[in-house]
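Read off the chains here:
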Amino acid sequence: MAIDIDTARKVARLARIRVEDADLPKLAEQLSGILGFMEQLNEVDVTGVEPMVSVTPMRLKRRADVVTDGNIQAQVLKNAPDAREGFFAVPKVVE
Amino acid sequence: MLDLTYTAPTPKVIAGARHDWELVIGMEIHAQVSSNAKLFSGASTAFGAEPNSNVSFVDCAMPGMLPVINEFCVEQAVRTGLGLKARINLVSAFDRKNYFYPDLPQGYQISQLYHPIVGEGEVIVEMGPGIARRVRIERIHLEQDAGKSIHDMDPNLSFVDFNRTGVALMEIVSRPDIRGPEEAAAYVTKLRQILRYLGTCDGNMQNGNLRADVNVSVCRPGAYEKYQATQDFSHLGTRCEIKNMNSMRFIQAAIEYEARRQIAILEDGGEVVQETRLYDPDRNETRSMRSKEEAHDYRYFPDPDLLPLEIEQAWVDDIAARMPELPDAKKARFMADYGLTDYDANVLTAELDAANYFDAVARGRDGKMAANWVINELFGRLKKEGHDISESPVSAAQLGGIIDLIAAGTISGKMAKDLFEIVYTEGGDPAQIAEARGMKQVTDTAAIEAAVDEIIAANPEQVAKSKANPKLAGWFTGQVIKATGGKANPATVNALVAKKLGL
């Protein structure tokens with residue numbers, strides 16, 4: 001499956017990555033290359049093989065329902081371009 | 001136990017300009033899981049905290065932070081599944097739903113698209129005595145809640161608070177089995193009741209802890225039955241999804257409006273476009289949310305930060321063994337053991353606290369009498385002062401004590417009401433209060449007989465009148481009760497007066 005220029009543009013917009021029009025053909029070609037490799041992998045018959053989700057035989061780690069974190073408002077807001085009265089301040093989002 | 005069997009209600013029919021239409025409704029309920037900490041972090045879930053104070057570096061998506069699942073949230077989802085008689089999936093997995101919005105710092109929501117933790121179940125939604133809709137549950141999955149944006153603090157800026165970001169939600173997805181606005185509201189009410197009984201969600205709609213997305217379509221009569229027979233959706237109309245409603249009234253109004261909008265389009269020869277819409281309560285209309293349409297390309301993929309969630313059947317069995325009595329079972333028991341009417345049983349099981357209170361009052365006593373006292377006297381009195389059952393100044397033991405005094409014939413119904421008022425306002429042991437204040441009805445026939453004789457002898461004119469018109473004999477009953485200071489048992493007096501007057 002090949003990624004055309006329009007698909008590349010759409011994926012970039014959905015990912016909020018700015019890509020200049022001039023760069024789109026090269027990006028589309030590279031994405032197509034990745035998908036081509038996937039298709040090659042897809043040729044292997046894996047009927048009846050359980051998907052392997054991890055290389056280590058581990059159980060999903062769990063935590064107890066205890067409050068152990070938080071109350072770090074200043075640190076949470078530290079990198080914000082704009083923060084006011086304890087909130088992140090962002091350009092108006094109107095629905 | 002009493003087995004409750006139901007017949008299905010008739011679907012709502014809306015008359016269009018050309019012909020009749022029926023509604024088909026499916027719902028997605030987002031219920032916030034009751035837990036101390038968030039789904040994947042150790043930050044608190046408490047409502048109303050300082051903005052961005054219940055936020056960890058995981059919640060605000062700082063680079064390199066990893067999610068670790070809260071085991072209790074998983075337990076709550078399993079408990080909810082069991083409460084809805086649903087299949088529990090011992091293996092489930094988390095996926096990323098990708099979209100950009102200021103209240104979602106990760107740029108994706110961790111959810112369970114492909115392998116939800118809970119499979120198919122059902123909710124019985126009563127629409128009247130003996131009438132109920134069985135709404136099939138398709139699935140329940142665990143996911144993260146988003147943050148909160150506030151738009152009215154600044155003319156040019158939105159303010160974002162991540163306190164709710166990452167709190168666990170259960171998305172409870174129904175099949176399109178709901179057939180009218182009233183059924184939709186009743187479904188949410190029933191689901192909320194079950195969740196509150198289970199203790200898995202507090203159901204507080206005002207705080208947004210229970211929100212509903214409603215899928216509405218319309219079809220011609222007969223089409224829905226074809227869908228049910230085949231489960232083939234092509235028999236149904238194109239649906240629209242109305243997002244994020246947190247009031248029963250709005251849910252009903254939005255469905256009503258949306259159905260009429262679709263009918264108008266179809267009767268005009270047009271086609272309904274599948275889309276996401278927003279209900280505006282101020283204008284009572286739904287509007288297209290075009291901005292959401294492109295974002296619908298969510299590019300789901302398995303979350304590489306989280307292994308599949310594997311749980312053991314023994315653990316599920318242990319949760320099942322600790323299940324509380326649920327609303328349907330409680331109602332059936334109240335009707336069977338206490339002889340309650342369908343209506344009273346509904347009133348008394350609506351809220352768990354009230355049900356437990358009634359249970360304590362009724363145990364070992366006359367169930368109907370207990371129901372009357374709890375519903376008419378206690379609920380009435382509490383409502384007058386805007387109080388909740390949990391704030392009742394009269395305990396179940398105290399109310400039980402009053403009922404015991406009536407049952408023993410010690411006090412009359414009238415005295416009991418006075419005694420209730422004293423216990424409500426002053427507190428204390430009903431038996432001791434009755435004793436100390438001389439609240440004791442006279443059932444001693446000899447004493448009452450003397451009073452009756454005395455009054456008959458003193459009022460020959462009334463005697464003559466009553467003999468001519470027996471309805472007037474009530475005057476004597478009143479006088480005798482008055483003469484005994486309200487302590488004579490009215491039934492005993494009535495009988496004696498009638499006998500003495502030869503009526």
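Residues numbered from 1 in each chain as written. Chains lettered and ligands numbered in written order. Predicted model: local features only at pLDDT ≥ 70, side-chain atom pairs only at ≥ 80, totals over all residues. Heavy atoms only, no water.

For chain B, an unreviewed UniProt entry supplies the name Aspartyl/glutamyl-tRNA(Asn/Gln) amidotransferase subunit B and the organism Rhodobacter calidifons. Here chain B is described in UniProt, under the heading Sequence similarities (unreviewed entry), as follows: "Belongs to the GatB/GatE family. GatB subfamily." (UniProt positions renumbered as here; feature names shortened; annotations may be inferred.)

In the annotation of an unreviewed UniProt entry, chain A is listed under the name Aspartyl/glutamyl-tRNA(Asn/Gln) amidotransferase subunit C and assigned to Rhodobacter calidifons. Chain A has a UniProt comment under Sequence similarities (unreviewed entry) that states "Belongs to the GatC family." Looking at chain A in UniProt, the text filed under Subunit (unreviewed entry) is "Heterotrimer of A, B and C subunits."

Participant: Help me understand the overall build of chain A in this model?
Facilitator: The helix and strand tally for chain A stands at three helices and three strands. Moving toward the C terminus, one meets the helices and strands of chain A in the order α-α-β-α-β-β. The globule rule puts the C-alpha radius of gyration for 95 residues at 12 Å, and the 22 Å found for chain A is more than 25% above it. Its C-alpha atoms give chain A principal-axis dimensions of about 55 × 45 × 25 Å. Residues counted as buried form 23% of the 95 residues belonging to chain A. On chain A, roughly 7500 Å² of surface is accessible, and the fraction owed to carbon and sulfur atoms is 58%. Averaged over its 13 positive side-chain charges, chain A has a centre that lies 10 Å from the centre of its 15 negative ones. (Helix = DSSP H or I, 4+ residues; strand = E, 2+ residues; numbered from the N terminus. Rg over C-alpha atoms; globule rule 2.2 N^0.38 Å. Buried < 20%, exposed > 50% of the residue type's maximum accessible area, 1.4 Å probe, protein only. Areas by Shrake-Rupley, 256 points an atom, 1.4 Å probe, with all protein chains shown as cover. Lys, Arg positive; Asp, Glu negative; His and termini not counted. Charge placed at Lys NZ, Arg CZ, Asp CG, Glu CD.)

Participant: Got a minute to help me understand the sheet that holds strand 10 (residues 157-161) of chain B in this structure?
Facilitator: In spatial order, the strands read 2(A)-3(A)-10(B)-9(B); together these four strands make up an open sheet with antiparallel pairing. Pairing within the sheet leaves two strands with one partner each, and these edge strands are strand 2 (83-84) of chain A together with strand 9 (148-150) of chain B. As defined by bridge partners, strand 9 of chain B adjoins strand 10 of chain B across three bridges and the pair is classed as antiparallel. Residue pairing across strands places K148 of chain B opposite D161 of chain B, the latter belonging to strand 10 of chain B. (Pairing = 2+ DSSP bridges.)

Participant: Explanation requested: the interface of chain B and chain A in the structure shown.
Facilitator: When the parts come together, some accessible area is lost, and that loss is often what is quoted as the size of the interface. Facing the 51 residues of chain B at the interface are 39 residues of chain A. Across the chain B/chain A interface, buried area totals approximately 4100 Å², and carbon plus sulfur atoms make up 59% of it. The interface formed by chain B and chain A includes four salt bridges. Two residues, E71 of chain B and R62 of chain A, come together in a salt bridge whose shortest N-O distance is 3.6 Å. Applying the counting rule to chain B against chain A returns 20 residue pairs in polar contact (both at pLDDT 80 or more). Among the elements of the structure, strand 3 (69-70), helix 1 (71-83), strand 10, helix 5 (290-295) and strand 17 (309-310) of chain B are those that each provide at least two residues to the side of chain B that touches chain A. Broken down by element, the residue count for the side of chain B that touches chain A peaks at five residues, all from strand 10 of chain B. The residue inventory of the side of chain B that touches chain A, partitioned by class, reads 28 nonpolar, 13 polar and 10 charged. Here four bridges tie strand 3 (residues 87-91) of chain A to strand 10 of chain B, and the two strands are oriented antiparallel to one another. Paired with P91 of chain A across the strands is L157 of chain B, a residue of strand 10 of chain B. (Contact = heavy atoms within 4.5 Å. Buried area = accessible area lost by both parts, 1.4 Å probe. Salt bridge = Lys/Arg side-chain N within 4 Å of Asp/Glu carboxyl O. Polar contact = N/O pair within 3.5 Å; in protein donor to acceptor, adjacent residues only side chain to side chain. Nonpolar A, V, L, I, M, F, W, Y, C, P; charged D, E, K, R; others polar.)

Participant: When you look at the layout of surface pockets in this model, what are you seeing that I'm missing?
Facilitator: Rolled over the atoms, a probe as big as a water molecule pinpoints where empty space is left. The volume enclosed by the second largest pocket comes to roughly 690 Å³. Looking at the second largest pocket, it is lined by 25 residues, and the ones nearest its centre are V53 of chain A together with A93, L306, L307 and P308 of chain B. Of the residues that constitute the lining of the second largest pocket, the class distribution is 17 nonpolar, two polar and six charged. (1 Å grid on protein atoms, 1.4 Å probe; cavity = no way out; pocket = protein on both sides within 12 Å on 5 of 7 lines; lining within 4 Å. Points joined across faces, edges and corners; volume = space filled by probe spheres on them.)

Participant: Teacher, can you tell me more about the nonpolar core here?
Facilitator: Within soluble globular proteins, side chains that are nonpolar generally end up buried alongside one another. All names here are of chain B. By size, the foremost hydrophobic cluster in this structure holds 104 residues, and its most contacted members are M27, I172, Y187, F358 and L399. Top element by residues in this core is helix 2 (residues 181-198). It accounts for nine residues. Once residues lying within four places of it in the same chain are set aside, the contact partners of M27 are I172, V173, S174, I178, A184, Y187, V188, A212, D213, V214 and I251. Core analysis: the second largest hydrophobic core is formed by 14 residues, V452, L496, V497 and L501 among them. (Core = buried A, V, L, I, M, F, W, Y, C linked by side-chain atoms within 4.5 Å.)

Participant: Help me understand unusual backbone geometry in this model?
Facilitator: Leaving glycine out, the prevailing phi sign among residues is negative, and the prevailing peptide bond configuration is trans. A positive phi angle, close to 55°, is found at R16 of chain A, a residue other than glycine. Using a relative accessible area of 53% as the deciding quantity, one classes R16 of chain A as exposed. Here K85 of chain B, not a glycine, exhibits a phi torsion of approximately 50°, which is positive. According to the relative accessible area criterion, K85 of chain B is exposed, its value standing at 56%.

Participant: How do you make sense of the environment of A321 of chain B when you look at a structure like this?
Facilitator: With respect to the element layout, A321 of chain B can be found in helix 6 (residues 313-321). Considering only alpha carbons, one finds A321 of chain B and Y197 of chain B, 124 residues apart in sequence, at a separation of 15 Å.

Participant: Just to check I follow, could you spell out the confidence of the model for chain B for this structure?
Facilitator: Interpretation of the predicted coordinates at a detailed level should be avoided for regions scoring low in pLDDT. Mean pLDDT over chain B: 93, with 98% of residues reaching 70 or higher. The ipTM, which scores confidence in the relative placement of chains, is 0.90 for this predicted complex, and the corresponding pTM is 0.88. (pLDDT = per-residue confidence, 0-100.)

Participant: Can you help me understand the environment of M62 of chain B in this one?
Facilitator: Note that M62 of chain B resides in the loop between strand 2 (20-32) and strand 3. Measuring from C-alpha to C-alpha, the distance between M62 of chain B and Q106 of chain B comes to 8.4 Å, with 44 residues separating the pair along the chain. Those residues in contact with M62 of chain B that sit more than four places away from it in its chain are V76 and N79 of chain A together with F57 of chain B.

Participant: Would you explain the confidence of the model for chain A in this entry?
Facilitator: Averaged over every residue, the pLDDT of chain A is 92; the share at 70 or more is 98%. Within chain A, the lowest mean pLDDT, 92, falls on helix 1 (residues 5-14) of chain A, and the highest, 98, falls on strand 1 (residues 62-63) of chain A.

Participant: Mind showing me how you'd approach a nonpolar patch on the surface here?
Facilitator: Residue and element names in this part refer to chain A. Residues I34, F37, M38 and L41 make up a contiguous nonpolar surface patch of roughly 400 Å² in combined accessible area. Within the element layout of this structure, M38 appears in helix 2 (residues 24-42). Residue M38 is classed as partly exposed on the basis of its relative accessible area, which comes to 43%. (Patch = residues over 30% accessible without salt bridge, like charges linked within 9 Å, V, L, I, M, F, W, Y side chains within 5 Å.)

Participant: Sorry, what's going on with helix 15 (residues 460-468) of chain B here?
Facilitator: An α-helical turn contains 3.6 residues, so any two residues separated by three or four positions project in the same direction. All names here are of chain B. Of the positions making up helix 15, those classed as buried are Q462, V463 and S466. For helix 15, the angular spread of buried residues about the axis comes to 105°, placing them on one side. Opposite the packed face of helix 15, turned more than 90 degrees from it, sit the exposed residues P460, E461, K467 and A468. Elements in contact with the buried residues of helix 15: helix 14 (445-458), helix 16 (474-483) and helix 17 (490-501). (Arc of directions from axis to C-beta.)

Participant: Looking at this structure, how should I read the environment of L307 of chain B?
Facilitator: Counting through the fold element by element, L307 of chain B comes out in the loop between strand 16 (301-302) and strand 17. Owing to a relative accessible area of 17%, L307 of chain B belongs among the buried residues under this scheme. Once residues lying within four places of it in the same chain are set aside, the contact partners of L307 of chain B are V53, S54, M58, R59 and L60 of chain A.

Participant: Help me understand the packing of helix 16 of chain B against helix 17 of chain B, please; the structure alone is not making it clear to me.
Facilitator: What describes two packed helices is the angle between their axes and the distance between those same axes. Residue and element names in this part refer to chain B. Direction vectors running N to C along helix 16 and helix 17 enclose 125°, while the axes themselves pass 9 Å from each other. As summarised for this structure, helix 16 and helix 17 are arranged oblique, according to the angle between their axes. In this structure, helix 16 meets helix 17 at a crossing whose hand is right-handed. When helix 16 is examined against helix 17, the residues F476, T477, V480 and I481 are found in contact with a partner set consisting of P490, V493, N494, V497 and L501. Looking at side-chain class alone, the contact of helix 16 with helix 17 contains seven nonpolar, two polar and no charged residues. (Axes fitted to C-alpha atoms, helices over the stretch in contact; angles between N-to-C directions. Parallel < 35°, antiparallel > 145°, perpendicular 65-115°, else oblique. Left-handed = near helix turned anticlockwise from the far one by under 90°.)

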